[in-house]
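Listed below, chain by chain, are the residues.
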Amino acid sequence: MIQKDVIIIGGGAAGFFAAINIAEKNPDLKVVILERGKEGLTKVKVSGGGRCNVTHAEFIPSELIQNYPRGQKELRGPFHQFMTGDTIEWFEKRGVSLKIEEDGRMFPVSNSSQTIIDCFLSEANQHGVEVLYNHSVKAIENQGGIFQIETSQGQFLSKKALIATGSNPKIWQLLENLGHTVSAPVPSLFTFNIEDERLKNIPGVVAQDVEVNVLNSNLCSEGPLLITHWGLSAPSILKLSAFGALEFAKRDYKFQIEINFIKQSFEDSFNTLKVRKQDLAKKTVFKSTQFDLPKRLWHKLVLASSIKEETRWADLNKEQLESLSGQLTQAIFNVNGKSTFKEEFVTAGGVDLKEVNFKTFESKYIKNLYFAGEVLNIDAVTGGFNFQNAWTGAYIAAQNISK
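Treat the numbers as computed from the prediction; the structure is a model and nothing was measured.

Parameters at a glance
- Once a new chain begins, its residue numbering starts again from 1 and follows that chain's sequence as written.
- Where local features are concerned, this predicted model is filtered to residues with pLDDT of at least 70; where side-chain atom pairs are given and counted, the filter is 80 or more; whole-chain, interface and lining totals use all residues.
- Values shown for side chains rest on all heavy atoms present in the structure; no hydrogens or waters enter the calculation.
- DSSP bridges decide pairing: two strands pair if at least two such bridges lie between them.
- Secondary structure follows DSSP: runs of H or I at least 4 residues long count as helices, runs of E at least 2 residues long count as strands, and numbering of each begins at the N terminus.
- Each pair of aromatic rings taken from Phe, Tyr and Trp, with Trp reduced to its six-membered ring, is defined by centres within 6.5 Å and is described as stacked if the planes are under 30 degrees apart, edge-to-face if over 60, and tilted in the remaining cases.
- For the exposure calls, accessible area comes from a 1.4 Å probe over protein chains only, and a residue counts as buried if that area is under 20% of its type's maximum, exposed if over 50%, partly exposed in between.
- Pairs of N or O atoms within 3.5 Å make up the polar contacts considered here, provided that, within protein, one atom can donate a hydrogen while the other can accept it, and that residues adjacent in sequence are counted only when both atoms are side-chain atoms.
- Two residues qualify as a contact provided that any one of their heavy atoms is within 4.5 Å of a heavy atom in the partner residue.

**Comments concerning the pairing of strand E6 (residues 105-108)**
- Where strand E4 (residues 55-56) and E6 come together, two bridges link them in antiparallel fashion. Following the sheet pairing, His 56 is matched in E6 by Arg 105.
- Pairing geometry for strand E5 (residues 98-100) and E6, over three bridges, is antiparallel. Along E6, the bridge assignment pairs Leu 98 with Pro 108.
- Following E5, the chain reverses through four residues before pairing antiparallel with E6; Gly 104 in that reversal takes a positive phi of roughly 95°.

Laid out in structure tokens, this is it:
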């Protein structure tokens, strides 16, 4: 039996952040991280295409929480204790400068996730945090206020434990055995699979600002839209996939969406097209791209409106004008399945939020058992928000564990 003061299960973002903050605040505590893999911080490594999207430049708690389909209400208080500005300052103090990109995402100035990993490994080492790899947790028991944790490489005892294992079904099962409720996990960030002539052979085309509505629901989103080999992606779709995660799982990922490519009403676009009919009378519709749309997308929508490549604006009849307006503002697509957005893979699901005290991130059922990160039923849209949840929960838990 190996005795420690604090055991952290999970060597990812939340686990390392908690361990470093505990050891820094109370150097007398023996802190160990148990990581099942042969290395830790794997999600940090691949996040943001290998650049690590550390957080998002949103500095008002009430605005920040809008990016969390699950956890919105619970994170309001914690974000008043530790949020984006604190994250930036924490890294700055340790020699890691962050920069803000146009879309609000924040990355290390080095543009490399290795900078964040090196910072964590160096801080953990400096503060005497022990990191044990290849330690897969098999059992967690709580006997008389002492945690007994059995791993693939031996047994550990401690008075305090923090679970930071992300979306790990085995650990959720162990937490259920301890009396916690776990919401069944479903994928949260994914792209839509769509087979449609309008999207064929134009992967890589981006419509900068669209409106997407899911039919027979109140789900809608706005933002850039990317056409891929298998369907649709980019923020407008990923946001929908996060907020609609439970609904889409119920529908077995088969549903319809309506896209407004130009964010105008049908009537307004119809009237604009009528004016173009006069102004561009002798030109072909196919070659005169309108509404700042990508040329290849315009071509597809024109052909989908039963307008031939050689048709001139002057020759358009009312039906064709209406059809083109419909394609621009009310295009319906059938979604049939999803593809995981691997780089930012996130799940909705985890420890029931009603069973956690969000002033401390401690279990309401088991004294001295804490949680941080995605092990809880909290998830966010893409853009650095999932990491911010990890830093906030880990920091607050660390302040309480180190007392």
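**Observations concerning the sheet that holds strand E9 (residues 146-151)**
- The strand order across the open sheet built from four strands is E1-E10-E9-E8, with neighbouring strands paired in mixed fashion. The open sheet is flanked by strand E1 (2-3) and strand E8 (137-143), the only strands paired with a single partner.
- Sheet topology places E1 next to strand E10 (residues 154-158); two bridges connect them, and they run parallel. Bridged to Ile 2 within E10 is Phe 156.

**What about the packing of aromatic side chains?**
- The full count for this structure, using the stated rule, is 25 aromatic pairs.
- Residues Phe 120 and Trp 391 carry aromatic rings whose centres are separated by 5.7 Å and whose planes lie at 70° to one another, so their mutual orientation is edge-to-face. Of this pair, Phe 120 sits in helix H6 (residues 113-126) while Trp 391 sits in helix H13 (residues 385-401), and the two are 271 residues apart along the sequence.
- We classify Phe 120 as buried; its relative accessible area is 0%.
- Judged by its relative accessible area of 0%, Trp 391 falls in the buried class.

**Regarding the side chain of Ser 221**
- Tracing the chain through its elements places Ser 221 in strand E15 (residues 220-227).
- By relative accessible area, which is 5% here, Ser 221 ends up buried.
- A polar contact is formed between the side chain of Ser 221 and the backbone oxygen of Ser 236, at a distance of 2.5 Å.
- Beyond its immediate sequence surroundings of up to four residues, Ser 221 is in contact with Val 210, Glu 211, Val 212, Ser 236, Lys 239 and Leu 240.

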